[in-house]
Amino acid sequence: MLASGLWNVMIVQEFLRWVRTAPDPRRAEAASALARAWLYSDMSEDDRQAAEAAMTILLDDHSPDVRRSLAWALAGAEEAPRHIVLALANDLAEIAEIVLGQSPVVLDIELVDYAASVEDRLQVAIARRAGLSAAVAAAIAEVGALDACIALVENEDARIAQFSMARMVERHGDVAALRNALMARGDTPINIRQMLVKRLGDMLSTHPLVQSGLSQDRIEQAVVEARERATVAMACDATAQEAEALVEHLRVSEQLTAALLLRAVCAGNIRLFEAALARLTDVPLSRVFDIVGAGRMGALRALLSKSGLPPRTHRAFLIAIEVWRELRDDFVPGDPLTTRRMVERILTRYEDFDRNELDDLLAMLRRVATETAREAARAFVDRTLAA
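Here the structure is a predicted model, which is why all the values come from computation and not from measurement. (Residues numbered from 1 in each chain as written. Predicted model: local features only at pLDDT ≥ 70, side-chain atom pairs only at ≥ 80, totals over all residues. Heavy atoms only, no water.)

K.L.:
Break down the overall build of the chain for me, with residues and values.
P.N.:
For the chain, the count of helices and strands is 23 helices and zero strands. C-alpha extents for the chain along the principal axes are approximately 100 × 50 × 45 Å. Burial statistics for the chain: of 387 residues in total, 49% are counted as buried. The contacts of the chain with a sequence gap of at least 6 include a subset with a gap of at least 24, amounting to 63%. Between the mean site of the 45 positive side-chain charges and the mean site of the 57 negative ones, the chain shows a separation of 7 Å. (Helix = DSSP H or I, 4+ residues; strand = E, 2+ residues; numbered from the N terminus. Buried < 20%, exposed > 50% of the residue type's maximum accessible area, 1.4 Å probe, protein only. Contact = heavy atoms within 4.5 Å. Lys, Arg positive; Asp, Glu negative; His and termini not counted. Charge placed at Lys NZ, Arg CZ, Asp CG, Glu CD.)

K.L.:
Break down the nonpolar core for me, citing the residues and quoting the values.
P.N.:
Core analysis: the biggest nonpolar cluster contains 71 residues, and Ile140 and Leu152 have the highest contact counts within it. Residue contributions to this core peak at eight residues, all from helix α2 (residues 24-40). Of all hydrophobic cores here, the second largest spans 53 residues; its members include Ala258, Val265, Ala276 and Leu365. (Core = buried A, V, L, I, M, F, W, Y, C linked by side-chain atoms within 4.5 Å.)

K.L.:
Summarise the packing of helix α16 (residues 240-252) against helix α18 (residues 270-281); cite the residues concerned and give the values.
P.N.:
Contact geometry of α16 with α18 gives a least axis separation of 9 Å together with a crossing angle of 60°. Comparing their axes, α18 and α16 come out oblique. Pair α16 / α18 crosses with right-handed handedness. Between α16 and α18, the contacting residues are Ala240, Ala243, Glu244, Leu246, Val247, Glu248 and Arg251 on the first element and Arg271, Leu272, Ala275, Ala276 and Arg279 on the second. Residues belonging to the contact of α16 with α18 are distributed by class as follows: seven nonpolar, no polar and five charged. (Axes fitted to C-alpha atoms, helices over the stretch in contact; angles between N-to-C directions. Parallel < 35°, antiparallel > 145°, perpendicular 65-115°, else oblique. Left-handed = near helix turned anticlockwise from the far one by under 90°. Nonpolar A, V, L, I, M, F, W, Y, C, P; charged D, E, K, R; others polar.)

K.L.:
Requested: an account of a nonpolar patch on the surface, with residues and values cited.
P.N.:
Side chains of Leu337, Phe380, Val381 and Leu385 sit close together on the surface and give an oily, nonpolar patch of about 400 Å² of accessible area. Here the nonpolar patch gets three residues from one element, more than from any other, and that element is helix α23 (residues 360-386). According to the relative accessible area criterion, leucine 337 is partly exposed, its value standing at 33%. (Patch = residues over 30% accessible without salt bridge, like charges linked within 9 Å, V, L, I, M, F, W, Y side chains within 5 Å. Areas by Shrake-Rupley, 256 points an atom, 1.4 Å probe, with all protein chains shown as cover. Salt bridge = Lys/Arg side-chain N within 4 Å of Asp/Glu carboxyl O.)

K.L.:
Explain the confidence of the model for the chain residue by residue, including any values.
P.N.:
Residues of the chain with pLDDT of at least 70 account for 90%, and the chain-wide mean is 87. A low-confidence stretch, residues 1-7 stays under pLDDT 50, and its non-local contacts, those more than four residues away or across chains, total 17 contacts. (pLDDT = per-residue confidence, 0-100.)

K.L.:
Can you break down the packing of aromatic side chains residue by residue, with the values?
P.N.:
Taken as a whole, this structure holds one aromatic pair when the rule is applied. Looking at arginine 48, its charged tip hangs above the ring of tryptophan 38, at a distance of 4.0 Å from the centre. Over the ring of tryptophan 324 we find arginine 328; its NZ or CZ atom is 4.8 Å from the centre of that ring. (Phe/Tyr/Trp six-rings, centres within 6.5 Å; stacked < 30°, edge-to-face > 60°. Lys NZ or Arg CZ within 6 Å of the ring centre and 35° of its normal.)

K.L.:
Residue-level account of unusual backbone geometry, with values.
P.N.:
Its identity as a non-glycine residue notwithstanding, glutamate 254 has a phi of 60°, on the positive side. If you trace the backbone, glutamate 254 turns up in the loop between α16 and α17 (258-266).

K.L.:
Give a detailed account of the environment of phenylalanine 353, specifying residues and quantitative values.
P.N.:
Along the chain, phenylalanine 353 falls in helix α22 (residues 336-353). Separated by 115 residues in sequence, phenylalanine 353 and alanine 238 have C-alpha atoms that sit 33 Å apart. With sequence-adjacent residues up to four places away left out, phenylalanine 353 is seen in contact with Arg315 and Ile319.

K.L.:
Report on the environment of valine 292, specifying residues and quantitative values.
P.N.:
Mapped onto the fold, valine 292 is located in helix α19 (residues 285-294). For valine 292, a relative accessible area of 0% puts it in the buried group. Separated by 223 residues in sequence, valine 292 and serine 69 place their C-alpha atoms 67 Å apart.

K.L.:
Quick one: what's the story with the packing of α19 against helix α21 (residues 314-327), residue by residue and with numbers?
P.N.:
At their nearest, the axes of α19 and α21 sit 8 Å apart, and the two run at 75° to each other. By the angle between their axes, α19 is roughly perpendicular relative to α21. Residue-level contacts link Ile291, Val292, Gly293 and Ala294 of α19 to Ile321, Trp324 and Arg325 of α21. Among the residues making up the contact of α19 with α21, the classes are represented as five nonpolar, one polar and one charged.

K.L.:
I'd like a description of α23, backed by residues and values.
P.N.:
Here α23 contains 27 residues, and its C-alpha end-to-end distance of 39 Å stays within 8% of the 39 Å for a straight helix at 1.5 Å per residue. Looking at α23, one finds that the buried residues are Leu361, Leu362, Met364, Leu365, Val368, Ala369, Glu371, Thr372, Ala376 and Ala379. (Expected span 1.5 Å × (residues − 1).)

K.L.:
How would you summarise α16 if you had to cite specific residues and measurements?
P.N.:
Over its 13 residues, α16 extends 19 Å from the first C-alpha to the last, a length consistent with the 18 Å expected when each residue adds 1.5 Å. Directly after α16, the chain includes glutamate 254, whose backbone phi takes a positive value near 60°.

K.L.:
So, the pattern of salt bridges: which residues are in play, and what are the values?
P.N.:
Scanning the model with the defined rule gives 20 salt bridges in all. Residues aspartate 24 and arginine 27 are paired through a salt bridge, measuring 2.7 Å at the closest nitrogen-oxygen approach. Of this pair, aspartate 24 and arginine 27 both sit in helix α2, three residues apart, which is roughly one turn of that helix. In this structure, arginine 185 and aspartate 187 form a salt bridge, with 2.8 Å as the shortest nitrogen-oxygen distance. A relative accessible area of 6% places arginine 185 in the buried class. By relative accessible area, aspartate 187 is classed as partly exposed at 42%. Within the structure, one salt-bridge network assembled from shared partners comprises Glu228, Arg229, Arg263 and Glu371.

Encoded structure:
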């Protein structure tokens with residue numbers, strides 16, 4: 001019927017008579033051939049109008065297979081007739097997802113509307129589109145079902161704004177699949193990663209197994225310290241810009257504490273400490289960098305006073321920076337063995353300074369020392385077995 005690939009009004013008339021009685025599989029084949037001919041054959045304008053009219057008639061075909069064939073043939077083409085594509089986008093889900101998932105004819109503003117009104121399956125199709133814009137991604141992040149949000153995050157070609165990632169964490173952050181997908185994305189900002197860490201900690205704190213074995217105070221302490229460990233480790237390789245963004249996020253979410261910053265210094269994560277001091281004091285980061293790296297201790301003490309960090313913590317910070325300066329030439333960020341060496345030296349000097357057994361900073365430093373000792377032991381065993 002369509003072998004010649006040439007169309008004119010008479011052929012279209014014959015085609016329309018033929019489709020009334022042809023079996024479903026043949027009509028589906030014909031629909032596909034008709035669409036390809038319209039897209040790629042050398043037709044006169046009259047022939048194109050006739051073929052387009054025939055495709056339009058096929059939108060009312062009772063067989064989903066016919067309309068599906070039409071959708072597959074037109075879905076990837078920029079030249080596809082707009083009214084036909086949009087009609088297919090409003091067809092059965094199995095047909096609509098073909099064009100919503102790839103057709104360049106569907107505009108972003110239309111995709112935003114579809115994302116807010118269609119079923120989950122179609123939201124997923126939209127979320128998987130190549131080159132998905134930030135605007136459409138924002139719509140899915142705001143109203144999309146869980147599966148659509150996961151598909152969006154797993155779409156490496158999608159442009160997802162930071163606020164959209166944050167919104168998905170707020171809506172679905174308790175689901176491991178979404179957290180894992182965000183963590184796996186290369187462009188997930190460090191402050192969003194920290195949001196995920198906090199969300200996970202909050203979930204664990206309410207888990208029945210945790211609550212049955214620990215007091216509420218101990219649960220809260222364990223969760224906060226685990227979150228701080230993860231945050232410091234996450235920021236180990238952060239750029240200066242990332243560190244500033246993380247500090248601002250921690251400040252706004254009321255997680256920027258002296259304990260977290262002291263832990264950061266103990267781990268050799270000076271960049272995070274410097275970014276925090278700069279933000280808390282409104283002193284330029286370059287000036288803070290100079291003071292922390294090689295400035296007089298009096299200047300560092302003045303910075304700490306201006307920062308608003310509790311005065312009783314200042315001595316611990318001064319000792320920690322003093323030790324870091326002594327060891328920094330040999331310090332390997334993230335290495336448990338060198339971290340343990342620095343933490344032990346900080347703890348020793350702090351114990352010499354303050355022997356108050358009720359000092360919570362001393363207790364914290366002792367816990368950090370225990371953590372790093374265990375991490376160093378594991379690293380030692382791993383290296384020994386690998387040798």
